[in-house]
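Structural characterization, general
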Amino acid sequence: MKLFRSSSGDSVPNQNAQPARSTRRSNGLGEIAKVLAQQEQLCILDLGSTSANNIRYFTERGHKIYSEDLLEASTDPALAATDEQGKPMLDSKRFLAENLLYPSAQFDIVLCWNFPDYLDESLVKPVVEKLWSVLKPGGLLLAFFHTREAGPDAVCYRYHVMGGDNLEMQPIELKKHGRGGSAIRLQRVFNNRHIENLFRDFSSIKFFLSRDNIREVLVVR
Amino acid sequence: MNSPKTGEFALIGKSVVIKGELSGSEDLYIDGQVEGSIELHGNNLTIGANGQVKANVNAKGVVVQGKLEGNIRASDRAELRKSAIAVGDIATQRLAIEDGAYFKGRVDIQGERAKLEASGGK
């Protein structure tokens, strides 16, 4: 696994920042759109940056939606801690105790978008394990992973579902420690083997490689 | 949204802290801290940019600019402005969320005329 973050964790200007929205076709979303069209009253968990568009899209079609911005939640200043050597770390136990709490919900679809690539290393595996537990058997999980060519300053997006396999991408800048800290950059690049290992408890995994240095992963629980 | 003019709303100012049950029959603007429950059937609630509310809210219309931890039940509409931090479920007929708002919870759009108006950035 290649780590991009420098040891100092200093912010670096995002040279790829694009103020305007852009669109892309998503094969993974296309597969999910087929399921959405065939079934009613599905329960969907959107873990990306809050999108009113997505809430409208799913509720208009009679589905239930839960929204939870995991990346934003991971920047909570209250999670800042230090390890035994005094190095700054993130309190992953507290994060998991405060997020992804769905005792009565079992989801048909979980939309991770690109958060695994930006999430703190200590959170990735336990979050995926927790997602397994909130997905129904046969439920779908969609995640995007950057390829190495994307580079450490790859733009983080808010994803808006536009219908079918169409996605609108809105650049966002994530801040450490809430809304006033330094910018969060791409944390790492997973290769296919890492991704397969990350989702090893799921029943199947499908990769879609796109032209924009993104691998889409559609996982079935 | 600017702070309301006196007389148009009941106002809970920045320095006010309330714990308990709030109910009334007029519109309410909260810029202080409230913990408990808020019942404003047929009237509107606005949580100002400085407002910090930990309560389940029941009102005709709810606008959040500050922080709200609790469920929203709005018989007409709910709005989350870009500075909003809202944690809790929302049940309403119409919902508007501006880009930049933080929302964590479930959305339940109710009624035959249920619709959601996405705003901000469009």
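Residues numbered from 1 in each chain as written. Chains lettered and ligands numbered in written order. Predicted model: local features only at pLDDT ≥ 70, side-chain atom pairs only at ≥ 80, totals over all residues.

**What to know about the overall build of chain B**
Scanning chain B for helices and strands turns up zero helices and eleven strands. Ordered by position in the sequence, the α and β elements of chain B form the string β-β-β-β-β-β-β-β-β-β-β. Burial statistics for chain B: of 122 residues in total, 37% are counted as buried. Contacts in chain B between residues at least 24 apart in sequence constitute 4% of all its contacts with a sequence separation of at least 6. (Helix = DSSP H or I, 4+ residues; strand = E, 2+ residues; numbered from the N terminus. Buried ≥ 20, exposed ≤ 12 C-beta atoms within 10 Å, placed from the backbone. Contact = placed C-beta atoms within 7 Å.)

**A few points about the overall build of chain A**
Summing up its helical and strand segments, chain A has seven helices and 13 strands in all. When burial is assessed residue by residue, chain A has 39% of its 221 residues classed as buried. The contacts in chain A between residues at least 6 apart in sequence include a share of 71% that link residues at least 24 apart.

**Focus: the environment of Gln41(A)**
Residue and element names in this part refer to chain A. With respect to the secondary-structure elements, Gln41 resides in the loop between helix H1 (27–38) and strand S3 (43–46). Separated by 21 residues in sequence, Gln41 and Gly62 have C-alpha atoms that sit 5.7 Å apart. Apart from residues lying up to four places away in sequence, Gln41 is in contact with Gly62, His63 and Lys64.

**Looking at the interface of chain B and chain A**
Taken together, the contact pairs 15 residues of chain B with 14 residues of chain A. Elements that contribute at least two residues to the side of chain B that touches chain A include exactly strand S9 (90–97) and strand S10 (102–109) of chain B. No other element matches S10(B), which puts seven residues into the side of chain B that touches chain A. Considered class by class, the residues forming the side of chain B that touches chain A number ten nonpolar, three polar and two charged. The pairing of strand S4 (residues 64–67) of chain A with S10(B) spans three bridges and is antiparallel. Counterpart to Ile65(A) in the pairing with S10(B) is Val107(B). (Nonpolar A, V, L, I, M, F, W, Y, C, P; charged D, E, K, R; others polar. Pairing = 2+ DSSP bridges.)

**Let's talk about the confidence of the model for chain B**
Residue and element names in this part refer to chain B. Chain-level pLDDT for chain B is 87 on average; 84% of the residues reach the 70-or-more range. Contacts of residues 118–122 to residues separated by more than four positions or lying in other chains number twelve contacts, the stretch itself having pLDDT below 50. Prediction confidence for the complex, expressed as pTM and ipTM, is 0.83 and 0.77 respectively. (pLDDT = per-residue confidence, 0-100.)

**Some words on the pairing of strand S12 (residues 204–209) of chain A**
The side chains of a regular strand alternate, residue by residue, between the two faces of the sheet. Residues and elements named next belong to chain A. Bridge analysis of S12 against strand S13 (residues 214–220) gives six bridges, and the strand direction is antiparallel. Paired with Ser204 across the strands is Val220, a residue of S13. Joining the antiparallel neighbours S12 and S13 is a turn of four residues, in which Asn213 adopts a positive phi near 60°.

**Here's the deal with the sheet that holds strand S10 (residues 166–172) of chain A**
All names here are of chain A. What the three strands build is an open sheet, ordered S2-S10-S9; its pairing is antiparallel. Of all the strands in the sheet, just strand S2 (22–25) and strand S9 (156–163) have a single pairing partner and so form its edges. Between one strand and the next, the sheet's axes are offset by a mean angle of 35°, whatever the strand orientation. Two elements, S2 and S10, share four bridges in a ladder whose sense is antiparallel. Counted as the bridge partner of Thr23 is Glu168 from S10. (Axes fitted to C-alpha atoms, helices over the stretch in contact; angles between N-to-C directions.)

**Let's talk about unusual backbone geometry**
Residues and elements named next belong to chain A. Of note in the backbone geometry, Leu100 takes a positive phi value of approximately 55° without being a glycine. Position of Leu100 relative to the elements: it lies in the loop between helix H4 (92–98) and strand S7 (107–113). For Leu100, a count of 19 C-beta atoms within 10 Å gives the class partly exposed. One non-glycine residue, Trp113, lies in the positive phi region at around 50°. As for its position among the elements, Trp113 is in strand S7.

**A closer look at the nonpolar core**
Counting 87 residues, the largest nonpolar core has Ile44(A), Val110(A), Leu111(A), Cys112(A), Leu141(A), Leu142(A) and Val62(B) as the members making the most contacts within it. If near-sequence neighbours (up to four positions away) are discounted, Leu111(A) is found in contact with Ile44(A), Leu45(A), Asp46(A), Leu47(A), Gly48(A) and Leu142(A). (Core = buried A, V, L, I, M, F, W, Y, C linked by C-beta atoms within 7 Å.)

**Things to note about helix H2 (residues 52–60) of chain A**
At 3.6 residues per turn, the α-helix brings residues three or four places apart onto the same side. Residues and elements named next belong to chain A. Counting buried positions along H2 yields eight of nine residues, so the element is predominantly enclosed. Along H2, the residues classified as buried are Ala52, Asn53, Asn54, Ile55, Arg56, Tyr57, Phe58 and Thr59. Where H2 ends, the next residue or the one after it, Gly62, has phi of about 85°, a positive value.

**Side note on the confidence of the model for chain A**
Looking at chain A, the pLDDT average stands at 85 and 88% of residues meet or exceed 70. Low confidence marks residues 1–18 of chain A, where pLDDT is under 50. Its contacts with residues over four positions away, or in another chain, come to 31 contacts.

**Section: the environment of Glu168(A)**
Residue and element names in this part refer to chain A. By the secondary structure assignment, Glu168 is in strand S10. Taking C-alpha positions, Glu168 is 9.9 Å from Asn53, a pair spaced 115 residues apart along the chain. The residues touching Glu168, leaving out its near neighbours within four places in the chain, are Arg21, Thr23, His160 and Met162.

**Considering the environment of Gly88(B)**
With respect to the element layout, Gly88(B) can be found in the loop between strand S8 (85–87) and S9. With residues near it in sequence (within four places) discarded, Gly88(B) still touches Leu68(B), Glu69(B), Gly70(B), Asn71(B), Ile72(B) and Gly105(B).

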